[in-house]
Amino acid sequence: QVQLVESGGGLVQAGGSLRLSCAASGGTFSSYAMGWFRQAPGKEREFVASISKTGGSTYYRDSVKGRFTISRDNAKNTVFLQMNSLKPEDTGVYYCAAETFATVSTVIPDYDYWGQGTQVTVSS
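Model, not experiment: these values are computed from the prediction.

Turning our eyes to something else, we now look at the state of the cysteines. Disulfide: a covalent bond connecting the sulfur atoms of a pair of cysteines. Within this structure, the stated rule accounts for one disulfide. Across the disulfide from Cys22 sits Cys96; the S-S distance is 2.1 Å. The disulfide joining Cys22 to Cys96 has a torsion of about -80° about its S-S bond and is therefore left-handed. In this pair, Cys22 sits in strand 3 (residues 18-25) while Cys96 sits in strand 9 (residues 92-99), placing the two residues 74 residues apart along the sequence. Side by side, Cys22 and Cys96 carry an identical accessibility label, which is buried.

Structure representation (structure tokens):
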């Protein structure tokens with residue numbers, strides 16, 4: 001089994017930056033593709049970014065391309081999401097997820113383990 005713990009969320013003004021971290025334990029981190037998802041109040045959870053197990057392939061939803069960067073440090077069992085030029089519409093709870101079997105994915109059903117989430121609030 002895999003345990004995921006997110007950190008780094010907070011309150012930031014539009015145009016600011018945050019760096020989210022997700023620490024993994026209880027498994028072999030380098031065997032997992034990793035993803036970030038977010039959920040705004042009253043809305044469905046949506047894909048944000050994902051990265052292959054080696055970091056060689058990344059995917060982003062269109063609205064964050066050029067602003068967000070996903071990366072991983074397999075030696076530290078950690079995946080990151082660097083968020084720049086934040087907008088109010090980026091507000092939500094951000095979740096880290098691990099995919100232990102399927103290939104790197106952008107869809108929720110392909111992920112097997114989820115963190116508890118960290119709140120990101122972008123004020124205007």
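There's plenty left to go through after this.
On to the environment of Ala23. Summarising the element assignment, Ala23 is placed in strand 3. Taking the C-alpha atoms as reference, Ala23 lies 5.7 Å from Leu4; in sequence the two are 19 residues apart. When near neighbours in sequence (up to four residues on either side) are disregarded, Ala23 contacts Gln3, Leu4, Val5, Asn77 and Thr78.

To describe a pair of aromatic rings, you give the distance between the ring centres and the angle between the ring planes. Tallied over the full model, the rule gives four aromatic pairs. Aromatic side chains Phe37 and Tyr111 sit 5.2 Å apart centroid to centroid with 80° between the ring planes, which places their arrangement in the edge-to-face category. Taken as a pair, Phe37 in strand 4 (residues 33-39) and Tyr111 in the loop between strand 9 and strand 10 (113-114) lie far apart in primary sequence, 74 residues in all. Judged by centre distance (4.9 Å) and plane angle (55°), the rings of Phe37 and Trp114 are tilted. Taken as a pair, Phe37 in strand 4 and Trp114 in strand 10 lie far apart in primary sequence, 77 residues in all.

Here the focus is the sheet that holds strand 7 (residues 68-73). The sheet built from four strands is open, its strands ordered 1-3-8-7 with antiparallel pairing. Every interior strand has two partners, whereas the edge strands, strand 1 (3-7) and strand 7, have only one. The sheet shows a mean angle of 15° between the axes of neighbouring strands, direction not considered. Where strand 7 lies against strand 8 (residues 78-83), six bridges are found, and the strand directions are antiparallel. If you follow Asp73 over to strand 8, its bridge partner there is Thr78.

Cut-off values and rules
- Residues numbered from 1 in each chain as written.
- Predicted model: local features only at pLDDT ≥ 70, side-chain atom pairs only at ≥ 80, totals over all residues.
- Heavy atoms only, no water.
- Disulfide = S-S within 2.5 Å.
- Helix = DSSP H or I, 4+ residues; strand = E, 2+ residues; numbered from the N terminus.
- Buried < 20%, exposed > 50% of the residue type's maximum accessible area, 1.4 Å probe, protein only.
- Contact = heavy atoms within 4.5 Å.
- Phe/Tyr/Trp six-rings, centres within 6.5 Å; stacked < 30°, edge-to-face > 60°.
- Pairing = 2+ DSSP bridges.
- Axes fitted to C-alpha atoms, helices over the stretch in contact; angles between N-to-C directions.

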